[in-house]
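Structural overview for review
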Amino acid sequence: MARKDSILKLKELLILRRDAMRQALAGDLSLLKSLPEQTGGDIVDAALDAAQDEISSKLADFESRELAQIEGALEGIRKGTYGECDICHGKIPLARLNALPYAATCIECQRVAETGGAGAVSDWDNVVDNDVSYSDLETS
Ligand SMILES: [Zn+2]
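In this text, all values refer to a predicted model and were calculated from it rather than measured experimentally. (Residues numbered from 1 in each chain as written. Predicted model: local features only at pLDDT ≥ 70, side-chain atom pairs only at ≥ 80, totals over all residues. Heavy atoms only, no water.)

Details of the side chain of Arg18
By the secondary structure assignment, Arg18 is in helix H1 (residues 3–38). Excluding its chain neighbours within four sequence positions, the residues that come into contact with Arg18 are Leu67, Ile70, Glu71 and Leu74. (Helix = DSSP H or I, 4+ residues; strand = E, 2+ residues; numbered from the N terminus. Contact = heavy atoms within 4.5 Å.)

This is the structure we're talking about:
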C-alpha cells in the first residue's frame, strides 16, 4: 500500500479516536458534576470522593493530552507535514505510525528525548532527594 493511502487510513483512525476521546472527556465532566448530589456529609465518603475526583481529573488530564496529540496529527495531515519527525524532520516509518498514529517523532529521536533529555536528569534529582529525606525519617 502506498504511504499516502496508509496515511488516509490513519487519518480515519485518528478521527474515530478523537471523537471517542471527546466523548469520554464529556462523560467524565458530567460524572464529576453529578458527584455532590449523590453523597452525604460522611467524612469517609468525602475522602473517597476526593480520591475519585483526583483519579477522574488525572484521567481527564491524560485524555486531553492524548486528544491534543491527535489534533496535532490531524493538523499535520491537513498541512501535509504528517509523518515527519518533529525533531530531525525525517520520515517516520509507517510501522511506527500504524502502532502510534499520532507519533510526532521517529523512534531514534524519541529514544534520545527519553534517555538524554534535561527532564530525565531533573527527575533523577527528585528521586535522590526523596531517598535522602526518607532515610532521615527512619533514623530519627
Ligand atoms: Zn527524528
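Considering the nonpolar core
In this structure, Leu14, Ile70, Ile77, Tyr82 and Leu97 are the most contacted members of the largest nonpolar core, which totals 19 residues. Considering every element that reaches this core, the biggest residue donor is helix H2 (residues 43–79), with six residues. Dropping the residues within four chain positions of it, Leu97 is found in contact with Arg3, Leu10, Tyr82, Gly83, Ile92 and Ala103. (Core = buried A, V, L, I, M, F, W, Y, C linked by side-chain atoms within 4.5 Å. Buried < 20%, exposed > 50% of the residue type's maximum accessible area, 1.4 Å probe, protein only.)

Quick notes on the coordination of the zinc ion
Surrounding the zinc ion are the protein donor atoms Cys85 (SG), Cys88 (SG), Cys106 (SG) and Cys109 (SG), which sit 2.3 Å from the metal. What the four donor atoms of the zinc ion show is an angle range of 104 to 116 degrees at the metal, which sorts the shape as tetrahedral. Spacing between the donor residues of the zinc ion along their common chain follows C-x2-C-x17-C-x2-C. Of this pair, Cys85 sits in the loop between H2 and helix H3 (94–99) while Cys106 is found in the loop between H3 and helix H4 (107–116), placing the two residues 21 residues apart along the sequence. Owing to a relative accessible area of 1%, Cys85 belongs among the buried residues under this scheme. (Donors = N, O, S within 2.8 Å, 3.2 Å for Na, K, Ca; no water. Tetrahedral: all angles 85-135°; square planar, octahedral: opposite > 155°, others 65-115°.)

A closer look at the side chain of Glu66
Along the chain, Glu66 turns up in helix H2. Residues in contact with Glu66, not counting those within four places in the same chain, are Arg17, Met21 and Tyr102.

Describing unusual backbone geometry
The phi dihedral of His89 falls on the positive side, at around 60 degrees, and the residue is not glycine. Mapping His89 onto the fold places it in the loop between H2 and H3.

Things to note about the pattern of salt bridges
Across all of its chains, the model carries eight salt bridges by this definition. Here Glu66 and Arg17 are joined by a salt bridge, their closest N and O atoms 2.8 Å apart. Here Arg17 lies in helix H1 and Glu66 lies in helix H2, a separation of 49 residues in the sequence. Exposure remark for Glu66: the relative accessible area of 5% places this residue in the buried category. A residue is classified by how much of its surface remains accessible, and Arg17, at 42% relative accessible area, is partly exposed. With a shortest N-O distance of 2.9 Å, Glu71 and Arg22 are connected by a salt bridge. Residue Glu71 is located in helix H2, and its partner Arg22 is located in helix H1; the two are separated by 49 residues in the primary sequence. Exposure remark for Glu71: the relative accessible area of 28% places this residue in the partly exposed category. What you see here is one network of salt bridges that share partners, running through Arg18, Asp19, Arg22 and Glu71. (Salt bridge = Lys/Arg side-chain N within 4 Å of Asp/Glu carboxyl O.)

Regarding the environment of Ser56
With respect to the helices, strands and loops of the structure, Ser56 is situated in helix H2. Placed 31 residues apart in sequence, Ser56 and Leu25 show a C-alpha to C-alpha distance of 9.7 Å.

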